[in-house]
Each structure stands twice: as structure tokens, then as C-alpha cells.
Amino acid sequence: RMVANGCAVIAARRRRQARSRAFAAWASSVVTTNADLTRHRVMRRNRRAKYVLEGWFRVMMQTRLATTLEKRREIAIQSFVDIRNQRLAVKALKAWVTYVDVV
């Protein structure tokens, strides 16, 4: 009877240890899974922030580029106008000199 009771106690202890080990393994896997999920969430948030920042930077650069190109275009048009006006002035002066010489 003592031996059988001792076996029951030992068997109960083994069952408790097995349950404890199973719970410890489950808890460890839950912690690992939560850490993985947190890491994944952080990576997604950082990636989303990176895309937002890149999009904002792209829009800003396009805006700055458009502004720069518009200024260059205005300068080029003004230069063409100035050159045209100079040529017209030269033509007018030549025509006036020719007219004066003739008269």
C-alpha cells in the first residue's frame, strides 16, 4: 500500500511537472509571438512613415523643380525679348541713318 501510494504521489508530481512545462512552453511561445508581432508592427509603421516621407519629398522636389523651371523660362523669355528689342533698335537706327543720308 505504501509503495502504491508513493507511485501515485510520484505520478501526480510528474503530471504537475508536465503541465508546468507545457504551460511554460506555451507562455514562452506567446511572448515570442508577441515580440514578433510587435517587431512586425514597428517595421510596418516605419515603412509607412518612410513611404509618406518619400512621397512628401517627391512632391516638394517637383514643386521646387517646377518653380525653378518657371523662373528659368521667364528669364529666357525676357532675354529673347531684350535681344529682339536690341535688334529692332539696330534696324530702326540703320533705317533712320539711311533715311537721313538719302534726304
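On a predicted model such as this, the values are computed, not experimentally measured, just so you know.

Chemist: Pulling in residues and values, what's your account of the overall build of the protein?
Modeler: Looking only at helices and strands, the protein has 1 helix and 0 strands in total. For a compact globule of 103 residues, the expected C-alpha radius of gyration is about 13 Å, and the protein comes in at 44 Å, more than 25% above that figure. In terms of overall dimensions, the protein has C-alpha extents of about 150 × 10 × 5 Å along its principal axes. As displayed, the protein offers around 9800 Å² of accessible surface, 64% of which is attributable to carbon and sulfur atoms.

Chemist: Which residues make up a nonpolar patch on the surface, and what values go with them?
Modeler: A surface patch of nonpolar side chains, about 540 Å² in accessible area, is lined by Leu-53, Trp-56, Phe-57, Met-60 and Met-61. Here Met-61 is to be found in helix H1 (residues 2-102). Exposure remark for Met-61: the relative accessible area of 39% places this residue in the partly exposed category.

Chemist: Just give me the short version of the packing of aromatic side chains, but keep the residues and values in it.
Modeler: All chains considered together, the criterion is met by 1 aromatic pair. Summarising the aromatic geometry, the rings of Phe-23 and Trp-26 are spaced 5.7 Å apart at their centres and angled 35° between planes, so their arrangement reads as tilted. Of this pair, Phe-23 and Trp-26 both sit in helix H1, 3 residues apart, which is roughly one turn of that helix. Residue classification places Trp-26 among the exposed positions, given a relative accessible area of 53%.

Chemist: Residues and numbers for the pattern of salt bridges, please.
Modeler: All chains considered together, the criterion is met by 2 salt bridges. For the salt bridge of Arg-39 with Asp-36, the shortest nitrogen-to-oxygen distance reads 3.0 Å. Of the two residues, Arg-39 and Asp-36 both sit in helix H1, 3 residues apart, roughly one turn of that helix. Asp-36 sits in the partly exposed class, given a relative accessible area of 38%. Residues Glu-70 and Arg-73 are paired through a salt bridge, measuring 3.8 Å at the closest nitrogen-oxygen approach. Here Glu-70 pairs with Arg-73, and both are found in helix H1, just 3 residues apart, close to one helical turn.

Chemist: Give me a positive patch on the surface: which residues, what numbers.
Modeler: Taken together, the side chains of Arg-13, Arg-14, Arg-15, Arg-16 and Arg-19 present a region of like positive charge at the surface. Looking at the secondary structure, you find Arg-13 in helix H1. For Arg-13, a relative accessible area of 42% gives the class partly exposed.

What counts, and where the lines are drawn
Residues numbered from 1 in each chain as written. Predicted model: local features only at pLDDT ≥ 70, side-chain atom pairs only at ≥ 80, totals over all residues. Heavy atoms only, no water. Helix = DSSP H or I, 4+ residues; strand = E, 2+ residues; numbered from the N terminus. Rg over C-alpha atoms; globule rule 2.2 N^0.38 Å. Areas by Shrake-Rupley, 256 points an atom, 1.4 Å probe, with all protein chains shown as cover. Patch = residues over 30% accessible without salt bridge, like charges linked within 9 Å, V, L, I, M, F, W, Y side chains within 5 Å. Salt bridge = Lys/Arg side-chain N within 4 Å of Asp/Glu carboxyl O. Buried < 20%, exposed > 50% of the residue type's maximum accessible area, 1.4 Å probe, protein only. Phe/Tyr/Trp six-rings, centres within 6.5 Å; stacked < 30°, edge-to-face > 60°. Lys, Arg positive; Asp, Glu negative; His and termini not counted. Charge placed at Lys NZ, Arg CZ, Asp CG, Glu CD.

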